[in-house]
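Residue strings, one per chain:
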Amino acid sequence: MRLFTPEPLLVPRETMEKCIIDGYEVQPETLVYVNPWGIARDPETWENPDEFWPERFLNSDVELKGQGFSLIPFGSRGRSCPGYSLGLLTVHLLLANLLNFFDWELPSGMNTDDIDTEAWPGLTLNKRDALKLVPRICVKSPM
Ligand code: HEM
């Protein structure tokens with residue numbers, strides 16, 4: 001959600017009246033693009049912004065509903081995502097099930113350095129190359 005923000009640019013907005021953003025005077029009816037990708041990798045907010053380091057969120061008060069503005073994968077305010085709860089729940093449930101019921105290995109001959117995390121930019125973000133993993137069924141414990 002942070003490193004690979006699912007919707008890198010929000011749907012464009014149009015200003016209704018003249019306003020000042022960060023010292024810039026923006027005229028009415030100007031198309032404005034909000035960049036959640038850039039916000040999520042802002043070095044002024046995030047330590048080692050390009051690093052995959054999920055533990056950074058342990059005991060952190062970062063919220064995702066668009067109130068704090070340091071991470072806005074669901075947008076913010078009036079046109080933000082109404083499917084926020086369902087979306088988060090689905091991601092958690094899917095990941096938890098995949099990790100609980102399978103052990104994951106790389107295909108033979110491949111090591112972690114071969115994993116490519118490049119993404120195709122677009123309205124929504126997609127992995128450039130499919131992630132290839134070998135699942136092995138393992139039933140650890142009932143969830
Ligand atoms: C992890 C999952 C999801 C992510 C990351 C996500 C992200 C977003 C983002 C960034 C926007 C645009 C917000 C803006 O422009 O300010 C949006 C809008 C929207 N999302 Fe989601 N979404 C997710 C899941 C869902 C689900 C499950 C539903 C419906 C069941 C949904 C329905 C919508 C709708 C209807 C809008 C348009 C809202 C409007 O324009 O007023 N989303 N979503």
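Residues numbered from 1 in each chain as written. Predicted model: local features only at pLDDT ≥ 70, side-chain atom pairs only at ≥ 80, totals over all residues. Heavy atoms only, no water.

### Examining the coordination of the iron atom of the ligand
There is one protein donor for the iron atom of the ligand, namely C81 (SG), at 2.3 Å. Relative to the elements of secondary structure, C81 occurs in the loop between α1 (36-40) and α2 (84-101). (Donors = N, O, S within 2.8 Å, 3.2 Å for Na, K, Ca; no water. Helix = DSSP H or I, 4+ residues; strand = E, 2+ residues; numbered from the N terminus.)

### Side note on α2
Given a rise of 1.5 Å per residue, 18 residues ought to cover 26 Å, and the 26 Å separating the end C-alpha atoms of α2 matches this to within 8%. Residues of α2 that are buried in the fold lie against β5 (102-105). (Expected span 1.5 Å × (residues − 1). Contact = heavy atoms within 4.5 Å.)

### Structural notes on the environment of N100
In this fold, N100 is placed in helix α2. Among the residues examined, N100 registers a relative accessible area of 13% and is labelled buried. Placed 18 residues apart in sequence, N100 and P82 show a C-alpha to C-alpha distance of 29 Å. (Buried < 20%, exposed > 50% of the residue type's maximum accessible area, 1.4 Å probe, protein only.)

### Points about the UniProt feature "binding site: heme" (unreviewed entry) in the protein
As recorded in UniProt, the feature "binding site: heme" (unreviewed entry) lies at C81. The class for C81 is partly exposed, based on a relative accessible area of 34%. (UniProt positions renumbered as here; feature names shortened; annotations may be inferred.)

### Points about the environment of N111
Take N111: it is sitting in the loop between β5 and β6 (119-120). The class for N111 is partly exposed, based on a relative accessible area of 41%. Once the C-alpha coordinates of N111 and N48 are considered, the two residues, 63 residues apart in sequence, prove to be 24 Å apart.

### Section: the site of the ligand
Around the ligand sit 17 residues, and of these E7, R13, P73, R79 and C81 come closest. Within the side chain of R13, a nitrogen or oxygen atom sits 2.7 Å from an oxygen atom of the ligand. For the ligand, an oxygen atom lies 2.7 Å from a polar atom in the side chain of R79. Here the shell around the ligand is built from residues that sort into 9 nonpolar, 5 polar and 3 charged. (Near = heavy atom within 4 Å. Polar contact = N/O pair within 3.5 Å; in protein donor to acceptor, adjacent residues only side chain to side chain. Nonpolar A, V, L, I, M, F, W, Y, C, P; charged D, E, K, R; others polar.)

### Details of the pattern of salt bridges
Applying the stated rule across the entire model yields 5 salt bridges. With a closest N to O distance of 3.8 Å, E25 and K18 form a salt bridge. With its nearest N and O atoms 3.5 Å apart, the salt bridge here joins R128 to D129. Taking relative accessible area as the criterion, R128 reaches 38% and is therefore assigned partly exposed. Among the charged side chains, a network of salt bridges with common partners joins D116, R128 and D129. (Salt bridge = Lys/Arg side-chain N within 4 Å of Asp/Glu carboxyl O.)

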